[in-house]
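# Observations on the model geometry
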Amino acid sequence: MATAKDASAGSANKPFDIVATYNNLLRSDPDLTMPIAAIEALVLLLTHSPSSTISETLDLLEKSTADLKKAIPNPIGLSAGTDLFQRYLITTLQRPGQLGPAGDFNAIRAHLLSNGRLFIRRAKESRDKIATFGRGFVRDGSTVLTNGGSRVVASLLQHAAGEKGGPSAVRFRVIYVLSSAKGNLENHHAEPEGMETVRALRAAGVPVATIPESAVAYSLGKADVVIVGAEGVVENGGIVSRLGTYQIGLLAKAMGKPFYVVAESHKFVRLYPLGQYDLPIEQHVIDFKTDEDLTDEAHPSDCTDKAVLGEAVDFTPPHLISALITDSGVLTPSAVSEELIKIWF
Amino acid sequence: MTAPVDSTSGSTPAAGSADAQKPNSEARTGQPPPPTATPTSTTSKPAKAANGATKPPGKAKGGAVEGGEETLTGAELKKRAKAEKAARRAKEKLEREQAGGGGGGGGGDSAGAGGAGAAGTGQTAPPSAKKGGQAMGAKEAAAIGLQKGQKQAAPRRGSAQVVQQGGGVVEPKKKKEDKKVAVFGHLYGQQRRTTIAGAAKEVHPAVLALGLQMRDYVICGSNARCVATLLAFKRVIESYTTPLGTSLARHLTTHLSHQITYLSTCRPLSISQGNAIRALKLHISSVDPSVPEAAAKASLCDFIDSFIREKITVADQVIATSAAQKIQDGDVIVTFAGSSIVKQTLLTAYKQGKKFRVSIIDSRPLFEGKNLARVLAKAGLDVQYSLVHGISHAIKDATKVFLGAHAMTSNGRLYSRVGTALVAMSAKERAGGVEIPVIVCCETVKFTDRVALDSIVVNEIADADELVTAEPLAQVTGLMDKAASQPEASTTAKKGNNKPAAPSPLTESHAGMRSTASASPLKDWRDTPNLQLLNLMYDATPAEYVDMVVTEMGSLPPSAVPIVHRMSTNS
């Protein structure tokens, strides 16, 4: 976490460091998603900053957003939050009345901040809402295949499992795809992402099988439905998600299994990737090397590569997705753009 | 239905009155209306006029009969008139079929362009015109009626050949073959105007000229036509004075609808033209009657200017900037024909210092890509130019496809120059399974709430003679593109003109053949049995073949077209 260290060092001489705040927020609350952390950081920024005019506020916001995006290696999820907040701010400021351009700026500010907090609280609650919507997709006797460390998926599955032996409990099984990319080579003790969910589900009495990514095609025949989480939902209804989701989507399509995505609506990003290599981030997943390159490079680069691979994402195009389960309902991929347009115009 | 463009069916109250006026004025220009003014005679009046065009004695007789029998009751009169009309029609048909095909047909049709023909249509067409009127907007029906009229001065079926420049003399007895391609038969109603003769007297000279320019493709392309129409209408508005006893809001729409009718007879209106006209009419009808005329006209001109600026000029800049972001170093961009917005996108990307190649796919008979190739090559881009039959070759090393649009329909289909669907399909179904993204650049002014399932129901049929001659048809306006006479297979141009240095022997021999008396083997296609030519203008690309639509409101999947259309028309 080089960025975090830089940020904390910088916070000594600077009055407020957005990057450090963001990272601290993410670390302090494991339930926090990237967009929400970004919004929370921006709200904190506004409370700390002494800006007194609208344009000053907007300027500050823009600058800090740019800084934040630059400092984070994968700002896709984050940008959903910052864009949303900016949009919200602008529409609030444009609205006529007491809080409009003619109103008292301090009142506007107070309103913004309180509403920002309200937004964050609501966003945290949205996970329960999604779990309620998505329950119906996990049927009695079915087998669910899932991957990654998505907290929404975990909450959905736990919701479906209900209390152990309770009357509302759905009896289902889970095939959990555990990523082998992370921690396999150097730190054996670091457990793969999602292990926590696996334990929780097992504790709730749900039979869970864990498989490596290489066994997805083999196991998919036994699964009835695929449910995955997402880092960001893009404009055409596709998703940006942990590396390996795309191949699960392709396989599910090939085998005719429904492929559902669970995501909060604040993860909708104003981004339109045309394919895997059109994402606005640098990823070194494919890195061609000869023996010479390997000897030229020192050992340290090796471990950073592994870290990068663990963080890498891919893009699952909309035609592979059966439906998106969000807190504004169950949407088809094409409805995502409609939702986004509603927010933006 | 075959409604060409929904455009003119604006919800203005004046529309109805315009139509009511139209047939009368046409009749006036053609033939003096019969003297009688009873209801009966009005029903049969147009028939008489038409008859008059072909055989004057009949008309004289008809007039005399009707004038003499005023004593009969209305019902009886009606019955008799009906019977007379039926008999006359049968007779007329018989006559036409006999004299028909060759010289007769040609004569009838050339007359059709003039007023007499238009009057004639008034009643050869009534059933169809009426039918049309129910389904489509009132004004449109009038426009179509007019077009139909021109054509249907010749009998409708059997010898229904549409001859423009007299098709040579054939044995008069022989029944002529229908040269309409059956599946597209409903589209032939839109026969294009050949001269400005017979245009309504209200039509402004600027509009007259524009009509011919559009007919000859001097002004071609959805955007260009839209802008040119708006600018012409601006001149119409500038030179307009409200007649006594009416208000500007009520009368100007009528006045404009004359211009629109004329334009639509030159070439069916594009979706963008329709949308622009609808917006303009809406604005006119909302003009406060208490506003002085000069101020109202100024506000209308301002509206037109800002419409062009917002919906087209600035929109194009926004689209070009955002679409250019999708171009990366090393890309090979395939584009089809000549879209102004794609041109702007490519130039923008080039100015940003991106290194990419452009492969232009073009097709007969318009060769719109040639101009694009020239402009891009002149600007310094690497350009490869080939015709659409070289598509499988051109698509092989492509990485992205950029397409312009004539319209985007509400089911997400792209309605564009014929051949676009083929290019999009080649990109998506490329052998090897790797899909190339297909990106459509389209202003929201080209969105329509209509739905296109195929390219058959709604389309435009151009003159089939364009396919026959390699050279463009004799134009009334504009410049002849000599280069257009040589369809080249595939030419790679590097900075400069894309013409090869020396024509191959094959093309030479072709040129030789062309210069001989019979220019093309297809020249006599009208007289060649079992031969039909089809010259379609547009096709519909399925939404699955389009990955992204770049508009001034952002990038969308094709499925979001209706939502954005709804929003851009509401606000």
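Residues numbered from 1 in each chain as written. Chains lettered and ligands numbered in written order. Predicted model: local features only at pLDDT ≥ 70, side-chain atom pairs only at ≥ 80, totals over all residues. Heavy atoms only, no water.

Under the annotation held in an unreviewed UniProt entry, chain B carries the name Translation initiation factor eIF2B subunit delta and is attributed to Penicilliopsis zonata CBS 506.65. The record in UniProt for chain B states the following under Subcellular location (unreviewed entry): "Cytoplasm, Cytosol". A UniProt comment under Sequence similarities (unreviewed entry) is attached to chain B, and it reads "Belongs to the eIF-2B alpha/beta/delta subunits family." (UniProt positions renumbered as here; feature names shortened; annotations may be inferred.)

As named in an unreviewed UniProt entry, chain A is Translation initiation factor eIF2B subunit alpha, taken from Penicilliopsis zonata CBS 506.65. In UniProt, chain A has this text filed under Subcellular location (unreviewed entry): "Cytoplasm, Cytosol".

## A few points about the overall build of chain A
Each helix and strand in chain A was counted, giving 13 helices and 10 strands. Relative to its 345 residues, chain A shows a buried fraction of 48%. On chain A, roughly 16,700 Å² of surface is accessible, and the fraction owed to carbon and sulfur atoms is 55%. (Helix = DSSP H or I, 4+ residues; strand = E, 2+ residues; numbered from the N terminus. Buried < 20%, exposed > 50% of the residue type's maximum accessible area, 1.4 Å probe, protein only. Areas by Shrake-Rupley, 256 points an atom, 1.4 Å probe, with all protein chains shown as cover.)

## Side note on the pattern of salt bridges
Residue and element names in this part refer to chain A. Under the counting rule described, the total for this entry stands at 20 salt bridges over all chains. Between Lys267 and Glu264 there is a salt bridge, with the nearest N and O atoms lying 3.1 Å from each other. One salt-bridge network, in which partners are shared between bridges, spans Arg127, Glu264 and Lys267. (Salt bridge = Lys/Arg side-chain N within 4 Å of Asp/Glu carboxyl O.)

## Comments concerning the sheet that holds strand 2 (residues 173-178) of chain A
Residue and element names in this part refer to chain A. Strand order in the open sheet formed by seven strands is 3-2-1-4-7-9-10, with mixed pairing between adjacent strands. The open sheet is flanked by strand 3 (208-212) and strand 10 (329-331), the only strands paired with a single partner. Pairs of neighbouring strands in the sheet enclose a mean axial angle of 25°, with direction left out of account. In the sheet, strand 7 (residues 259-262) pairs with strand 9 (residues 323-326) via three bridges, with the strands oriented parallel. Across the sheet, the residue bridging to Val262 is Ile325, located in strand 9. The strands touched by helix 6 (residues 105-134) are strand 7, strand 9 and strand 10; relative to strand 9, the strand with the most contacts, the crossing angle is about 135°. The strands touched by helix 7 (residues 151-161) are strand 1 (143-147), strand 2, strand 4 (225-229) and strand 7; relative to strand 4, the strand with the most contacts, the crossing angle is about 135°. (Pairing = 2+ DSSP bridges. Axes fitted to C-alpha atoms, helices over the stretch in contact; angles between N-to-C directions. Contact = heavy atoms within 4.5 Å.)

## Thoughts on the interface of chain A and chain B
Between chain A and chain B, the contact holds 12 residues from the first and 17 residues from the second. For the pairing of chain A and chain B, the buried interface totals around 1,200 Å² over both sides, and the portion due to carbon and sulfur atoms is 64%. Counting every contact that joins chain A to chain B gives one salt bridge. Run the count over chain A and chain B and you get five residue pairs in polar contact (both at pLDDT 80 or more). (Buried area = accessible area lost by both parts, 1.4 Å probe. Polar contact = N/O pair within 3.5 Å; in protein donor to acceptor, adjacent residues only side chain to side chain.)

## Overview of helix 13 (residues 333-344) of chain A
The end-to-end C-alpha distance of helix 13 of chain A, which contains 12 residues, comes to 18 Å, matching closely the 16 Å that a straight helix rising 1.5 Å per residue would cover. Summarising the contacts, the buried residues of helix 13 of chain A are in contact with helix 5 (76-94), strand 5 (232-233), strand 9 and strand 10 of chain A together with strand 11 (554-556) and helix 19 (561-570) of chain B. (Expected span 1.5 Å × (residues − 1).)

## Some remarks on the side chain of B:Asp465
Residue and element names in this part refer to chain B. Structurally, Asp465 can be placed in helix 17 (residues 465-468). Note on Asp465: relative accessible area 10%, which makes it buried. Here the side chain of Asp465 touches Trp525 through a polar contact of 3.0 Å, side chain to side chain.

## Points about the packing of helix 8 (residues 205-215) of chain B against helix 10 (residues 248-266) of chain B
Angle between the axes and distance between the axes: these two values describe a pair of packed helices. All names here are of chain B. Packing of helix 8 against helix 10 leaves a shortest axis separation of 8 Å and a crossing angle of 20°. Relative to helix 10, helix 8 is oriented roughly parallel. Once helix 8 is placed against helix 10, the crossing between them reads as right-handed. Here Val207, Leu208, Leu210, Gly211, Leu212, Met214 and Arg215 of helix 8 lie close against helix 10, whose contacting residues are Gln259, Tyr262, Leu263 and Cys266. (Parallel < 35°, antiparallel > 145°, perpendicular 65-115°, else oblique. Left-handed = near helix turned anticlockwise from the far one by under 90°.)

## Description of the environment of B:Ile360
All names here are of chain B. Structurally, Ile360 can be placed in strand 2 (residues 357-362). In this structure Ile360 comes out as buried when scored by relative accessible area, which is 0%. Distance from Ile360 to Gln384, taken between C-alpha atoms, is 6.0 Å for residues 24 residues apart in sequence. Among residues more than four places away in sequence, those in contact with Ile360 are Thr335, Ala337, Gly369, Leu372, Ala373, Leu376, Val383, Gln384, Tyr385 and Ser386.

## A word on the domain arrangement of chain A
All names here are of chain A. For chain A, the assigned domains are domain 1 (4-124) and domain 2 (127-341). Contact residues are listed per partner, giving 19 residues for domain 1 and 16 residues for domain 2. Interface area for domain 1 against domain 2, summed over the two sides, is near 1,300 Å², with a carbon-plus-sulfur share of 58%. When the buried area of domain 1 at its contact with domain 2 is split by residue, Thr33, Asn74 and Ile76 rank highest and sum to 38% of it. (Domains from an automatic or database assignment.)

## Description of the domain arrangement of chain B
Residue and element names in this part refer to chain B. Partitioning chain B into structural domains gives domain 1 (75-98 + 110-150), domain 2 (190-314) and domain 3 (325-469 + 535-570). Computed from C-alpha coordinates alone, the two centres of domain 2 and domain 3 are separated by 28 Å. Each partner contributes to the roughly 1,500 Å² buried at the junction of domain 2 and domain 3, and carbon and sulfur atoms together form 48% of this total. Between domain 2 and domain 3 we count one salt bridge in total. The partner of Arg267 in a salt bridge is Glu460, with the nearest N and O atoms 2.9 Å apart. Within the residue set of the side of domain 2 that touches domain 3, elements represented by two or more residues are helix 9 (222-238), helix 11 (271-285) and helix 12 (293-324).

## Examining helix 10 of chain B
Taking 1.5 Å of rise per residue, the 19 residues of helix 10 of chain B would be expected to cover 27 Å, and the 27 Å separating its terminal C-alpha atoms lies within 8% of that figure. Of all 19 residues in helix 10 of chain B, 17 are buried, a share of seventy percent or more.

## Some details on the confidence of the model for chain A
If pLDDT is low for a region, its predicted coordinates should not be looked at in detail. Residues and elements named next belong to chain A. Averaged over every residue, the pLDDT of chain A is 81; residues scoring 70 or more account for 83%. The model gives residues 1-13 a pLDDT under 50, and that stretch makes 10 contacts with residues more than four places away or in other chains. Low pLDDT, under 50, characterises residues 182-186; the stretch is placed with four contacts to residues that sit more than four places away or in other chains. (pLDDT = per-residue confidence, 0-100.)

## A word on the state of the cysteines
Residues and elements named next belong to chain B. Under the criterion given, the structure shown has zero disulfides over all chains. Cys266 takes part in no disulfide bond, and the closest cysteine sulfur to it belongs to Cys220, at a distance of 14 Å. A residue is classified by how much of its surface remains accessible, and Cys266, at 0% relative accessible area, is buried. (Disulfide = S-S within 2.5 Å.)

## Focus: the nonpolar core
All names here are of chain B. Formed by 39 residues in total, the largest nonpolar core has its most connected members in Val207, Phe233, Leu252, Leu256, Tyr262 and Leu263. For this core, the secondary-structure elements that each account for two or more residues are helix 8, helix 9, helix 10, helix 11 and helix 12. With eight residues, helix 12 is the largest single contributor of residues to this core. When near neighbours in sequence (up to four residues on either side) are disregarded, Val207 contacts Ala232, Phe233, Val236, Gln259, Tyr262 and Leu263. Among the nonpolar cores identified, the runner-up in size contains 31 residues, and Phe336, Ala405, Ala424 and Ile436 belong to it. (Core = buried A, V, L, I, M, F, W, Y, C linked by side-chain atoms within 4.5 Å.)

## Considerations on the sheet that holds strand 5 (residues 407-408) of chain B
Residues and elements named next belong to chain B. Sheet architecture is open: three strands sit in the order 5-6-9, paired in antiparallel fashion. The open sheet terminates on both sides in strands that have one partner only, identified here as strand 5 and strand 9 (538-541). Sheet analysis places strand 6 (residues 414-417) next to strand 9, joined by four bridges and oriented antiparallel. Paired with Tyr415 across the strands is Ala540, a residue of strand 9. On the sheet, helix 16 (residues 420-428) packs against strand 6 and strand 9 and is oriented at approximately 30° with respect to strand 9.

## Quick look at a nonpolar patch on the surface
A cluster of nonpolar side chains, contributed by A:Tyr277, A:Val285, A:Ile286 and A:Phe288, occupies part of the molecular surface with about 530 Å² of accessible area. Structurally, A:Ile286 can be placed in the loop between strand 7 and helix 11 (291-296). (Patch = residues over 30% accessible without salt bridge, like charges linked within 9 Å, V, L, I, M, F, W, Y side chains within 5 Å.)

## Some remarks on the pairing of strand 7 of chain A
Consecutive side chains along a regular strand alternate between the two faces of the sheet. Residues and elements named next belong to chain A. Burial along strand 7 is two-sided: the face carrying Phe259 and Val261 and the face carrying Tyr260 and Val262 are both buried. Of the strand pairs in this sheet, strand 4 and strand 7 are connected by four bridges, and their pairing is parallel. Along strand 7, the bridge assignment pairs Val226 with Phe259.

## Some points on the pairing of strand 1 (residues 332-336) of chain B
Residue and element names in this part refer to chain B. Buried residues dominate strand 1, accounting for five of its five residues. Of the two faces of strand 1, both are covered, the one formed by Val332, Val334 and Phe336 as well as the one formed by Ile333 and Thr335. Taken together, strand 1, helix 13 (residues 340-351) and strand 2 constitute a β-α-β crossover, and its handedness is right-handed. Two strands pair when backbone bridges link them, and strand 1 and strand 4 (residues 400-403) are joined in this way by three bridges, in the parallel orientation. Residue pairing in the sheet places Val334 in a bridge with Val401 of strand 4. (Right-handed = clockwise from strand over helix to strand, strands pointing away.)

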